[in-house]
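Tertiary structure, described
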Amino acid sequence: MKFSEKILNTPSSFIRNILKVTDSDDVISFAGGLPNPISFPIEALKASANHAITENGSRLFQYSSTQGYAPLREYIAAKYQRVHGLDIHADDVFITTGSQQALELLGKVLIDKGDGIVIEEPGYLGAIQAFTLSEPTFYGVTLENDGLNLEELEHALQQPNVKFVYTVPNFQNPTGLTYSKEKRQQICEIMAKYDDVALIEDDPYGELRFQGEPLPYIGAGKLENSILLGSFSKTVTPGMRLGFIITKNKELMQHIETAKQATDLHTNIFSQYVIYDYLANNDYMEHVQKIIALYKNQADAMLNAIEEFFPAHVDYTRPEGGMFIWATMNNGASAVDVFHKAMDQKVAFVPGDPFYTSKTGVNTMRLNYTNATPEVIREGIKRLGSIL
């Protein structure tokens, strides 16, 4: 059997493959990006499933519209109006099967083979994987502590056939970094000069802020070709696979709908009804505040343990929210080599290599703190520290 070049050139998920080896009970894993299951509102979702079926009957089990359940889209639009002051309406919202599908659909709609994608370096592995299927040319731009390197961004935007810039501006995956207000404004001003290039702001973690002030989006409400991605995976449940695309560009929305019809007709309608019922009948923000308190406690536990057990040559980020810490070994050690030594000590992390489109043997690692207790975090970091 002969396979397509695009699938042969698309890496399988490094993290999913790591999770297979780190899944045993005796391994302390900082490898996944898993929300803490104790944060799932199981009883409320059970009540919402029953209520949604009672209220809507067979509609939960029938084919539905491609763009998504209208009341859910209205809820999302109203929230972005209220919280972010954006002029968003239900027609500007498109429901996807997780925000991972949003990435894949945007790649299909916007990228021809060889077209340019400007991406953070290091960047989100799931986006690299989704976009690679469209066979683009990646232009990596260094992610600094306050956001993209502006000089590199300008240079990348001048490359041939650049279609979009992909960013995760809040508590970025993998680094945990957040773009500063000043850098957001500067990026917006640069992007305004390239009016045929879209700006994608992927924001699955933005609500999980445990310190500092919320910041405005870079392009949403300001740039004509602004695309905003969101998800319920980090705040309600990842298993229901509900994400969304927000854009005011009507032509783009039509093409996304065509691509979605060709992919899966529509996102699971049962999940959409249940999530909407949950959102309409529960205090969502009170629930999110509980997750924030939980993750702050876990992040503090990891940062305190790193300070105590990691050697001085290791630098690390101090996230203001989200799920990740990024560590850099300034002695030049390869994170992949350290990973194998760490697995011998029954502790796992993700080496930095798969977060780059053109680098290997890097000296960086991603640590996730949301899926272990403070006691387990301390023990895992202690083991890792002894190896480092």
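Preceding block: the structure.
Presented here is a report on the structure given in the accompanying data block. None of the values given here were measured: they were computed from a predicted structure.

Moving on to the overall build of the protein. Scanning the protein from N- to C-terminus turns up 13 helices and 14 strands. The globule rule puts the C-alpha radius of gyration for 388 residues at 21 Å, and the 21 Å found for the protein is close to it. The buried share of the protein, taken over its 388 residues, is 55%. Taking all contacts inside the protein whose residues are at least 6 apart in sequence as the whole, residues at least 24 apart take part in 74%. Separation of charge centres in the protein, based on 33 positive and 47 negative side chains, amounts to 4 Å.

Now for the pattern of salt bridges. Tallied over the full model, the rule gives 20 salt bridges. Taking the shortest distance from any N to any O, the salt bridge between Asp26 and Lys346 comes out at 3.3 Å. Taken together, the residues span a long stretch of sequence, with Asp26 in the loop between helix H2 (14-22) and strand E1 (28-29) and Lys346 in the loop between helix H12 (335-344) and strand E12 (347-348) at a distance of 320 residues. Classification of Asp26 as partly exposed rests on a relative accessible area of 43%. Its salt-bridge partner being Arg318, residue Glu307 comes within 3.6 Å of it at the nearest N-O pair. Residue Glu307 is located in helix H11 (residues 284-309), and its partner Arg318 is located in the loop between strand E10 (314-316) and strand E11 (324-329); the two are separated by eleven residues in the primary sequence.

Here we come to the sheet that holds strand E4 (residues 137-144). The mixed open sheet is built from eight strands, whose spatial order is E2-E9-E8-E7-E6-E3-E4-E5. Either end of the sheet is taken by a strand with one partner, and the two such strands are strand E2 (93-97) and strand E5 (147-148). Of the strand pairs in this sheet, strand E6 (residues 162-167) and strand E7 (residues 198-202) are connected by four bridges, and their pairing is parallel. The residue of E7 that forms the bridge with Tyr166 is Ile200. Against the sheet, helix H9 (residues 250-264) engages E2, strand E8 (226-231) and strand E9 (242-246), with an angle of about 25° to E2.

There is a patch of nonpolar side chains on the surface, built from Met1, Phe3, Ile7 and Leu8 and spanning about 530 Å² of accessible area. Locating Leu8 in the fold gives a position in helix H1 (residues 5-8).

What follows concerns the packing of helix H4 (residues 70-84) against helix H10 (residues 269-281). It is at 9 Å that the axes of H4 and H10 come closest, and there the two elements cross at 45°. Between H4 and H10, the angle is such that the two are oblique. Between H4 and H10 the crossing geometry is left-handed. When H4 is examined against H10, the residues Pro71, Leu72 and Tyr75 are found in contact with a partner set consisting of Gln272, Ile275, Tyr276 and Leu279.

This next bit is on the packing of helix H7 (residues 150-157) against helix H8 (residues 181-192). Contact pair H7 / H8: the axes reach a minimum separation of 11 Å and the direction vectors enclose 20°. Classified by the interaxial angle, the pair formed by H7 and H8 is roughly parallel. Judged by the sense of rotation from one axis to the other, the crossing of H7 with H8 is right-handed. From H7, Leu150, Leu153, Glu154 and Leu157 reach across to H8, where they touch Lys183, Gln186, Ile187, Ile190 and Met191. Split into classes, the residues belonging to the contact of H7 with H8 amount to six nonpolar, one polar and two charged.

A few words now on the sheet that holds E11. In spatial order, the strands read E10-E11-E14-E13; together these four strands make up an open sheet with antiparallel pairing. Either end of the sheet is taken by a strand with one partner, and the two such strands are E10 and strand E13 (350-351).

For the rest of this paragraph, the subject is unusual backbone geometry. For the peptide bond that leads from Glu121 to Pro122, omega is 5°, which places it in the cis range. For the bond running from Asn173 to Pro174, omega is 25°, close enough to zero to count as cis. Positionally, Pro174 belongs in the loop between E6 and H8. Positive phi is not limited to glycine here, since Glu135 has a value of about 60°.

In this structure the tally under the stated criterion is ten aromatic pairs. A ring pair is formed by Phe232 and Phe244, whose centres lie 5.7 Å apart and whose planes are at 55°; its orientation type is tilted. Taken as a pair, Phe232 in the loop between E8 and E9 and Phe244 in strand E9 lie far apart in primary sequence, twelve residues in all. Phe244 carries the same exposure label as Phe232, and that label is buried.

Moving on: helix H6 (residues 125-132). Of all eight residues making up H6, seven are buried, and the element is well covered by its neighbours. Where H6 is concerned, the buried positions are Leu125, Gly126, Ala127, Ile128, Ala130, Phe131 and Thr132.

Parameters at a glance
- Residues numbered from 1 in each chain as written.
- Predicted model: local features only at pLDDT ≥ 70, side-chain atom pairs only at ≥ 80, totals over all residues.
- Heavy atoms only, no water.
- Helix = DSSP H or I, 4+ residues; strand = E, 2+ residues; numbered from the N terminus.
- Rg over C-alpha atoms; globule rule 2.2 N^0.38 Å.
- Buried < 20%, exposed > 50% of the residue type's maximum accessible area, 1.4 Å probe, protein only.
- Contact = heavy atoms within 4.5 Å.
- Lys, Arg positive; Asp, Glu negative; His and termini not counted.
- Charge placed at Lys NZ, Arg CZ, Asp CG, Glu CD.
- Salt bridge = Lys/Arg side-chain N within 4 Å of Asp/Glu carboxyl O.
- Pairing = 2+ DSSP bridges.
- Axes fitted to C-alpha atoms, helices over the stretch in contact; angles between N-to-C directions.
- Patch = residues over 30% accessible without salt bridge, like charges linked within 9 Å, V, L, I, M, F, W, Y side chains within 5 Å.
- Areas by Shrake-Rupley, 256 points an atom, 1.4 Å probe, with all protein chains shown as cover.
- Parallel < 35°, antiparallel > 145°, perpendicular 65-115°, else oblique.
- Left-handed = near helix turned anticlockwise from the far one by under 90°.
- Nonpolar A, V, L, I, M, F, W, Y, C, P; charged D, E, K, R; others polar.
- Phe/Tyr/Trp six-rings, centres within 6.5 Å; stacked < 30°, edge-to-face > 60°.

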